[in-house]
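Listed below, chain by chain, are the residues.
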Amino acid sequence: MFSGISVSPGVALAQAVVLSNEPVSFDRSPVAAEFIEREIDKFKNAIAESVKQLTLIEAQVRKKMGDDKAAIFEAHLMLVEDEELSEAVIEKIKDRCFTAPAAVEDVISEHVSAMEELDDEYLKARAVDMRDLGQRIVLNCLGIAPQSLEIFDREVIIVAGELTPSQTAVLDSSKVMGIITERGSRTSHTAIMAASMEIPAIVGVEGATSAICNGDMIALDAEHNHIIVNPTPSQLEHVESQREQYMLECKQFEGGRDLPAQTRDGVRIKLAANIGSPADSGPALGKGAEGVGLYRVEFLFMETAEQPDEEMQYQAFKSVVEDMKGMPVVIRTLDVGGDKDLPYLDLPKEDNPFLGCRGIRLCFERPRLLLRQLRALLRAGVHGDVRILVPMISSLDEVRRFKEFLAEAQNSLEHEGIAHAKELPLGVMIETPAAVFLAPHLIHETDFFSIGTNDLTQYTLAVDRQNERIADLFEQLSPAVLLGIKHTVDAAREEGKPVCVCGQMAGDVNSALLLVGMGVEELSMSPVHIPRVKNAIRRQDLARLREIAKEVLGLSTATEVKMKLDEYWG
Ligand code: PEP
Ligand code: MG
């Protein structure tokens, strides 16, 4: 039995597909002259096989996931049919007696290095495609079928070291029943994507790829953080009943989609959705979201090979705003740096990226990048209730500087006669201890707060949120974090301004009830969590939640807090 960090709810039962972490190894010794032709044939067959595979994948992805996702494979197809590439490989086999896979690996790595050094941002970003493709041709040369995450003919559970954003982007959620990864954390990319695709997932499972074999039957219970490999008949029966219970619960919650998240004593709590792309609006509404509490624009920036221009950003924002039909849409300015990289930005390597040029700091360093976003935001504001959220704030000077940029964006649109909102509500993310301490000053000059408990926990406790070695120290229910939240909520309420919590805590039932008891009136979370949180809120009296929160805020350790919450709400 394994466990890790349960990051996306649900129970799944299916066969494992294990993605190995190990690069494929093969003999690199030179081939004898009489085998040269055989190696050339091997290479040609590998190319033909790769074209066949990619054509199939491209067609299936286009049908299931649309044109933008299919474009990844279109690019691979163009590269694989490149004459120059083939000639270079064949030359290496003929002139230097390389084996086919060795020649491919060499040529590809030369191309990748050359592309990475180019000034052209688009070509630079294509190096990732080139590397992916190289791996496919090498495997085909060796007669190993490359693992396709896009098409499965049966239900599977993916077991991997880690999944890349491009791998998760093309996962077929009708076939992928669950995800298990060795790395990752509650707030990692895989976690966020799995929750948004409603695929049960447990991350941070040490040794999973070596302990689990392809074809093993896996029972993944992300509700109780259990993974059983090849369960016995009685374990199987138990997991089946857990799965049925989970499905039943989901069905019951579905019926409550249009009910308000209101406590028994009549207090309305707003439940909004965290989204990463316009495609998430539909599922968010389907779960009963009352608007978007956090639109993480990073994903829009990650999906493209070059910086999305103003028009592209405007269209994405507008589409979400229109889908939300007058409900608020909180759009956060770009929060890259830290763990999120964008190849085309050429971010210098930092020793402490989470303490480095991240979020608003990076945007200030790249004024054109910031202005483009602000212009797109202001233009989208014409179509509905858009609110701007600024990440990684640690001083009031940053808020003032941000407002100067906003004014500049406004003036330029005015000057050019382009339709835009004259004023949009401006909020800051409270995710650094500095922002907590400065909350009374920050709220005075802004319109709302959104508490990012993922980063607030990381920075308050000095625990890297990505580091699985210290995952047990990442305690969102630490009294230190809770006191920071309380201080922030009190500061906002003092000024009569709204405060939302948009970190992972908002989607956890016990934490959500505690936050409501502490005075939080809005929670924003992955849509998959909304029904369960709503159901829990509807069963409580605010007066009682307040009493419990008061008691909990007097406790001195996270263990005591968790025990107390379990005692009240199990
Ligand atoms: C947070 O830090 O809690 C948050 C919501 O932002 P992100 O997870 O994108 O850093
Ligand atoms: Mg954050």
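All of the points below concern the structure found in this document. (Residues numbered from 1 in each chain as written. Chains lettered and ligands numbered in written order. Predicted model: local features only at pLDDT ≥ 70, side-chain atom pairs only at ≥ 80, totals over all residues. Heavy atoms only, no water.)

Counted by the stated rule, this structure contains 3 aromatic pairs. Ring plane angle 85° and centroid distance 5.8 Å describe the contact between Y295 and F317, whose orientation is recorded as edge-to-face. Pair noted here: Y295 is in strand β9 (residues 292-296) and F317 is in helix α12 (residues 310-323), with a separation of 22 residues, a long-range link. Residue classification places Y295 among the buried positions, given a relative accessible area of 0%. Judged by relative accessible area, F317 falls into the buried class, the value being 2%. When the ring of F364 is compared with that of F405, the centres are 5.7 Å apart and the planes differ by 20°; the resulting orientation is stacked. Here F364, found in helix α13 (residues 360-365), pairs with F405, found in helix α15 (residues 396-416); they are 41 residues apart in sequence, far enough to count as distant. What makes F364 buried here is its relative accessible area of 7%. (Phe/Tyr/Trp six-rings, centres within 6.5 Å; stacked < 30°, edge-to-face > 60°. Helix = DSSP H or I, 4+ residues; strand = E, 2+ residues; numbered from the N terminus. Buried < 20%, exposed > 50% of the residue type's maximum accessible area, 1.4 Å probe, protein only.)

In terms of nonpolar packing, the biggest core is built from 99 residues, with F402, I485 and L523 touching the most fellow members. No other element matches the 8 residues that helix α14 (residues 367-380) contributes to this core. Residues within four places of F402 in sequence aside, it is in contact with T333, I360, F364, L370, L374, I388, V390 and L426. Listed in part, the 35 residues of the second largest apolar core include I36, I57, V61 and L77. (Core = buried A, V, L, I, M, F, W, Y, C linked by side-chain atoms within 4.5 Å. Contact = heavy atoms within 4.5 Å.)

Turning our attention to the packing of helix α9 (residues 233-254) against helix α21 (residues 530-538). Relative orientation of the contacting elements α9 and α21 amounts to 70°, with a least axis distance of 9 Å. The angle between α9 and α21 falls in the class roughly perpendicular. Residue-level contacts link Y246, E249 and F253 of α9 to P531, R532 and N535 of α21. Among the residues making up the contact of α9 with α21, the classes are represented as 3 nonpolar, 1 polar and 2 charged. (Axes fitted to C-alpha atoms, helices over the stretch in contact; angles between N-to-C directions. Parallel < 35°, antiparallel > 145°, perpendicular 65-115°, else oblique. Nonpolar A, V, L, I, M, F, W, Y, C, P; charged D, E, K, R; others polar.)

For the magnesium ion (ligand 2), the protein coordination sphere consists of E431 (OE) and D455 (OD), at 2.0 to 2.2 Å. Of this pair, E431 sits in the loop between β12 (426-430) and α16 (433-437) while D455 sits in helix α18 (residues 453-461), and the two are 24 residues apart along the sequence. When its relative accessible area of 2% is taken as the criterion, E431 is described as buried. (Donors = N, O, S within 2.8 Å, 3.2 Å for Na, K, Ca; no water.)

For the rest of this paragraph, the subject is the packing of helix α20 (residues 509-517) against α21. In a packed pair of helices, the relevant descriptors are the angle between the two axes and the axis-to-axis distance. Interaxial distance between α20 and α21 falls to 10 Å at its minimum, and their mutual angle equals 50°. What the angle tells us is that α20 and α21 run oblique. For the pair α20 and α21, the crossing hand works out as right-handed. For the pair formed by α20 and α21, the contact residues are V509, A512, L513 and V516 on the first element and R532, V533, A536 and I537 on the second. (Left-handed = near helix turned anticlockwise from the far one by under 90°.)

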